[in-house]
Amino acid sequence: MLFKLIKYELYDLLKSRWIVGIFIFYLLVFYILLEFGRELRKSLLSLGNVSLLTIPLFSLLLSALYAYHNRNFIEFVLTQPLKRSHLFVSLFLSLSLSVMLAYFISSFLVFYYFFGVNFSFIKFSILILSLIPLFVSIGMFCAFLVEDRLRGIGLSLLLWFAFCILYDTFLLYMAVAFSDYPIEKPLLLLTLLNPIDLLRLSFLVDAGLYEFIGSIGRPLLVYLKKWWFLPSLCSLFYTLIFYALGFRVFKGKDM
Amino acid sequence: MIRLEGVHKSFRKKKLFENINLEFSEGKTTALLGPNGSGKTTLVKIILGLVIPDRGRVFVKGFDTAKGYGYKRLIGYMPQVPEFPENLAVKEIVSMVEELRGVKAKRLEELLEVLRLEGEMEKRFGSLSGGTKQKVGALLALAFDQPLLILDEPMVGLDPLSAYRLKRLLLEEKRRGKTLLYISHIMSEVEEMADCVVFITEGRVIFHGSVEELKKTTGKEKLEEAVLCFLS
């Protein structure tokens, strides 16, 4: 049942303007970035910086808008003999897979054209792709929690802003305001809690730009070199939290 | 066929239903009437398991709806606003529902002809007009030959010919012994189709009986006038 639903939802999504738009956006942006900077490490850093801001935003907006726009379809599916949990999982997986496919295929095509296949790209893709299920689960959580479409989109944008921009600003403020105290460990812990911050550090490490990492990220250097998938694990942790919250809301929701 | 026992439902702090007890008999056609916002659609959604009651139980052909989803195999549902993934063609939507139900649509050819949907099967759902979307909703509600049909304002948005054809189709289903529960604001349609009427206002059932009984109770000859008595 689950796979049947995923098949149709994925088919619908892959033909949607959103997914086609995401595909074309990354194809163009990556082509331009790689055309101007043909050095592998720095190119990956540029691609990473663009992706860190846009992939969470696109995943979040697509999932929230899809859930709002298809509310009547979701209702109809729930009148069919199937479990609520199956519908929720299918929505989560088809939304995540569709964005992952659009992003991966477009970035792979451009990357292959300039550099061919190498491990750096595979590693980079795994790290970025792991952000997609996290922000899809946040988008779904907001859409099922808040009935009003505008407020729901607003809440999801606020969460995107908090993860991508506010958190980093907060850390910087902490570092400056409490610079006289031994706050390295708490800051390190806080950095570990945000997958976007971790990914940013990871890309800097890969690009060899150690001077940009700062005193907080320095202790992480060893770990990020050894366990390059640490940011993905952090994303997975948050994905599980938001998925569970979203499912809890959806299970008891009056449609 | 359908039994509601002591159903309570509140939305936030507003009580919508307080101790609703209702029974819809097998093989009968029941019209749910009431002013806008009286809770007709919510009542239907409670039966379908879309809205979860705060208290009380709902049984469909003896199945407790809170204890599983298997009873939904017995129901064909036509929503007020049918919406499906807009990039899927109508035939793909039919296939999807067939796969979800695990059975083939039994009367597809006949229904496509009656609803004049043969030429629409290849088209994207998103490209269809409102009326055609409504007909796709009717097609999916009727195609699996379920014994219970729940329809939420089925004629709204249809052109006169399509509305007439759908009405004939529903009368045929009634003749075949199906149980029909539908919401409508068109009194002539109710008079022609319904065996029973349930009138709801402010979350309370204020009348449950036949159309004739309703007329007798209110002392009016026309159903429209009888209903106006309740509304005023």
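Above this text you will find the structure in question.
Residues numbered from 1 in each chain as written. Chains lettered and ligands numbered in written order. Predicted model: local features only at pLDDT ≥ 70, side-chain atom pairs only at ≥ 80, totals over all residues. Heavy atoms only, no water.

Now for the packing of aromatic side chains. Residues and elements named next belong to chain A. Counted according to the given criterion, the structure contains 33 aromatic pairs over all chains. Note on Phe 88 and Phe 247: the rings are 5.6 Å apart at their centroids and 55° apart in plane angle, and the pair reads as tilted. Placement of the pair is Phe 88 in helix α5 (residues 84-115) and Phe 247 in helix α13 (residues 230-251), with a sequence separation of 159 residues. Looking at Phe 88, the relative accessible area reads 1%, which means it is buried. Measuring from ring centre to ring centre gives 6.1 Å for Phe 108 and Phe 121, while their planes differ by 45°; the resulting arrangement is tilted. (Phe/Tyr/Trp six-rings, centres within 6.5 Å; stacked < 30°, edge-to-face > 60°. Helix = DSSP H or I, 4+ residues; strand = E, 2+ residues; numbered from the N terminus. Buried < 20%, exposed > 50% of the residue type's maximum accessible area, 1.4 Å probe, protein only.)

Turning next to the sheet that holds strand β1 (residues 2-11) of chain B. All names here are of chain B. If you walk across this open sheet you meet the four strands as β2-β1-β4-β5, and the pairing is antiparallel. Here the strands that pair on one side only, and so sit at the sheet edges, are β2 (14-24) and β5 (63-64). Summarising the sheet, β1 and β2 pair through seven bridges and their orientation is antiparallel. When the bridges of β2 are listed, Ser 10 appears paired with Lys 15. (Pairing = 2+ DSSP bridges.)

For the rest of this paragraph, the subject is the sheet that holds strand β8 (residues 179-183) of chain B. All names here are of chain B. The six strands lie next to each other as β6-β7-β8-β3-β9-β10, forming an open sheet whose pairing is mixed. Strands at the two margins of the open sheet, each flanked by one partner only, are β6 (75-78) and β10 (204-210). Taken pair by pair, the neighbouring strands of this sheet meet at an average axis angle of 15°, ignoring direction. Bridge count between strand β9 (residues 196-201) and β10: six bridges; the pairing is antiparallel. Across the sheet, Val 197 pairs through a bridge with Gly 209, a residue of β10. Against the sheet, helix α4 (residues 130-142) contacts β6 and β7 (148-152), and its axis sits at roughly 175° relative to β6. (Axes fitted to C-alpha atoms, helices over the stretch in contact; angles between N-to-C directions. Contact = heavy atoms within 4.5 Å.)

What follows deals with the pairing of strand β4 (residues 55-60) of chain B. Residues and elements named next belong to chain B. As defined by bridge partners, β1 adjoins β4 across five bridges and the pair is classed as antiparallel. Residue pairing for β4: Glu 5 is matched across the bridge by Arg 57. Inspection of the sheet shows β4 paired to β5 by two bridges, in the antiparallel sense. Bridged to Val 60 within β5 is Phe 63. In this antiparallel pair of consecutive strands, β4 and β5, the connection spans two residues, and Lys 61 shows a positive phi of 50°.

With that settled, consider the interface of chain A and chain B. On the side of chain B, 28 residues touch chain A, which itself brings 28 residues to the contact. Carbon and sulfur atoms make up 60% of the surface buried where chain A meets chain B, a total of about 2,800 Å² over both sides. Taken as a group, Tyr8(A), Phe76(A) and Pro81(A) account for 25% of the area that chain A buries against chain B, more than any other trio of residues on that side. Taken together, the links from chain A to chain B amount to three salt bridges. Between Asp254(A) and Lys9(B) there is a salt bridge; the shortest N-O distance is 2.6 Å. The interface formed by chain A and chain B holds 16 residue pairs in polar contact (both at pLDDT 80 or more) in total. Counting residues per element, the ones that place at least two in the side of chain A that touches chain B are α1 (2-14) and α4 (71-78) of chain A. Among the residues making up the side of chain A that touches chain B, the classes are represented as 11 nonpolar, seven polar and 10 charged. (Buried area = accessible area lost by both parts, 1.4 Å probe. Salt bridge = Lys/Arg side-chain N within 4 Å of Asp/Glu carboxyl O. Polar contact = N/O pair within 3.5 Å; in protein donor to acceptor, adjacent residues only side chain to side chain. Nonpolar A, V, L, I, M, F, W, Y, C, P; charged D, E, K, R; others polar.)

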